[in-house]
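# Examination of the molecular architecture
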Amino acid sequence: MNSQIATISGTAIPLTGNDIDTDRIIPARFLRCVTFDGLGASVFEDDRIQLKGEHPFDLPQFQGANILVVNSNFGCGSSREHAPQALAKWGIKLVIGESFSEIFFGNCVAMGIPCLTADAATTTRLQEILRANPKTSVTVDLNALQVQCGDFTAPVSIGEGSRQQLTNGTWDACGQLVANLSQTQVTAAKLPYVAW
């Protein structure tokens, strides 16, 4: 099982606005689910209803995108894990923004979704390119810490510890257990509460 994340390529959605909180990403009424399956269909539900099909997540030109470009303080508000889960179930694999809520960022990294920061000029330029040409190819390299969007290239950043977790694959706790199954079984056999 390879959980290493070094580069992500695809198309991207420009989502403008600061302070987009987790209740906007996935409204509270969807938190009663038993599993996260199906949450993707309800991502930004209230915003999408309010914009009557004009929300970027509804526009046909952005369907199938796997990268999200946002502005500052994305994922603020309550600490619900459902927000990054909903984005992931929709198909988002990476987010670039000016800044992120610390808890949202941590939840994303724990799921293998890199949240990379860039300055305001970079995020604005990326959003402009994507609005003008939604099928522009975007590639993010976590080793080079660089985003390439068509002919535009810019630096991005992420804390070194989080970057290493993603590129080494150690973000995936279950994957680590499976990859080290024999050691896990030896340890489990020594635990008195496992064998009772």
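Everything here concerns the structure above.
Conventions and cut-offs
Position labels on residues start from 1 in each chain and follow its written sequence. Owing to the predicted nature of the model, reporting of local features is limited to residues with pLDDT of at least 70; listing and counting of side-chain atom pairs is limited to 80 or more, with chain, interface and lining totals taken over all residues. Hydrogens and water molecules were not included; the side-chain quantities draw on all heavy atoms of the structure. Under the scheme used here, helices are H or I runs from DSSP no shorter than 4 residues and strands are E runs no shorter than 2 residues, and both carry numbers assigned from the N terminus. Think of it in three bands: residues with accessible area under 20% of the maximum for their type are buried, residues over 50% are exposed, and the middle band is partly exposed, with areas taken using a 1.4 Å probe on protein chains only. In short, DSSP must find at least two bridges between two strands for them to pair. Only the stretch in contact is used when a helix axis is fitted, and all axes are lines through C-alpha atoms; the angle between N-to-C directions ranges over 0 to 180 degrees. Any two residues whose heavy atoms approach within 4.5 Å are treated as being in contact. Side-chain rings of Phe, Tyr and Trp (the six-membered ring for Trp) are treated as a pair once their centres are within 6.5 Å; stacked means planes under 30 degrees apart, edge-to-face means over 60, and tilted covers the remaining angles. Remark: nonpolar core denotes a set of buried residues (Ala, Val, Leu, Ile, Met, Phe, Trp, Tyr, Cys) joined through side-chain atoms within 4.5 Å. The salt bridge criterion pairs a side-chain nitrogen of Lys or Arg with a carboxyl oxygen of Asp or Glu, the two atoms within 4 Å.

## Some details on unusual backbone geometry
- Here the phi dihedral of Lys52 falls at roughly 50°; this positive angle occurs in a residue that is not glycine.
- Structurally, the position occupied by Lys52 is in the loop between helix H2 (45-50) and strand E3 (67-69).
- Here the phi dihedral of Leu145 falls at roughly 50°; this positive angle occurs in a residue that is not glycine.
- On the secondary structure map, Leu145 appears in the loop between strand E6 (138-141) and strand E7 (146-149).
- On the basis of relative accessible area, Leu145 is assigned to the partly exposed category, the value being 24%.

## Some details on the environment of Ala173
- Inspection of the secondary structure puts Ala173 in helix H7 (residues 173-179).
- Overall, the relative accessible area of 54% leaves Ala173 in the exposed class.
- Along the primary structure Ala173 and Thr124 are separated by 49 residues, whereas in three dimensions their C-alpha atoms are 35 Å apart.

## Observations concerning the sheet that holds strand E2 (residues 12-14)
- In spatial order, the strands read E2-E3-E4-E5; together these four strands make up an open sheet with parallel pairing. Pairing within the sheet leaves two strands with one partner each, and these edge strands are E2 and strand E5 (115-117). Strand-to-strand twist in this sheet, taken as the mean axis angle between neighbours without regard to direction, amounts to 20°.
- Sheet analysis places E2 next to E3, joined by three bridges and oriented parallel. Paired with Ala12 across the strands is Ile67, a residue of E3.
- Packed on one face of the sheet, helix H5 (residues 120-132) meets E2, E3 and strand E4 (94-97) and runs near 110° to E2.

## Details of the packing of aromatic side chains
- In total, this model carries four aromatic pairs according to the counting rule given.
- Taking 5.0 Å as the distance between ring centres and 50° as the angle between the ring planes, the aromatic pair formed by Phe44 and Phe57 counts as tilted. Residue Phe44 is found in the loop between helix H1 (22-25) and H2, and its partner Phe57 is found in the loop between H2 and E3; the two are separated by 13 residues along the sequence. Like Phe44, the residue Phe57 is buried in the burial classification.
- Seen from their ring centres, Phe74 and Phe104 are 5.4 Å apart, and the 85° between their planes marks the pair as edge-to-face. Highlighted residues: Phe74 in the loop between E3 and helix H3 (82-90) and Phe104 in helix H4 (residues 102-111), separated in sequence by 30 residues.

## Some thoughts on the nonpolar core
- Counting residues in each nonpolar core, the largest one holds 27 residues, and the members touching the most others are Ile25, Phe44, Phe57, Leu68, Phe74, Leu87 and Phe104.
- If you tally residues by element for this core, the top one is H3, at four residues.
- Leaving out residues up to four positions away in the same chain, Phe44 has contacts with Leu15, Ile20, Arg24, Ile25, His55, Phe57, Phe74 and Leu87.

## Let's talk about the pattern of salt bridges
- One pass over the full model with this rule turns up five salt bridges.
- Here Asp23 ties to Arg80 by a salt bridge, and the two come within 3.0 Å at their closest N and O atoms. Taken together, the positions of Asp23 in helix H1 and Arg80 in the loop between E3 and H3 put the pair 57 residues apart, joining distant regions of the chain.
- When its relative accessible area of 36% is taken as the criterion, Asp23 is described as partly exposed.
- Two residues, Asp58 and Arg48, come together in a salt bridge whose shortest N-O distance is 2.8 Å. Of this pair, Asp58 sits in the loop between H2 and E3 while Arg48 sits in helix H2, placing them 10 residues apart in sequence.
- A relative accessible area of 27% places Asp58 in the partly exposed class.

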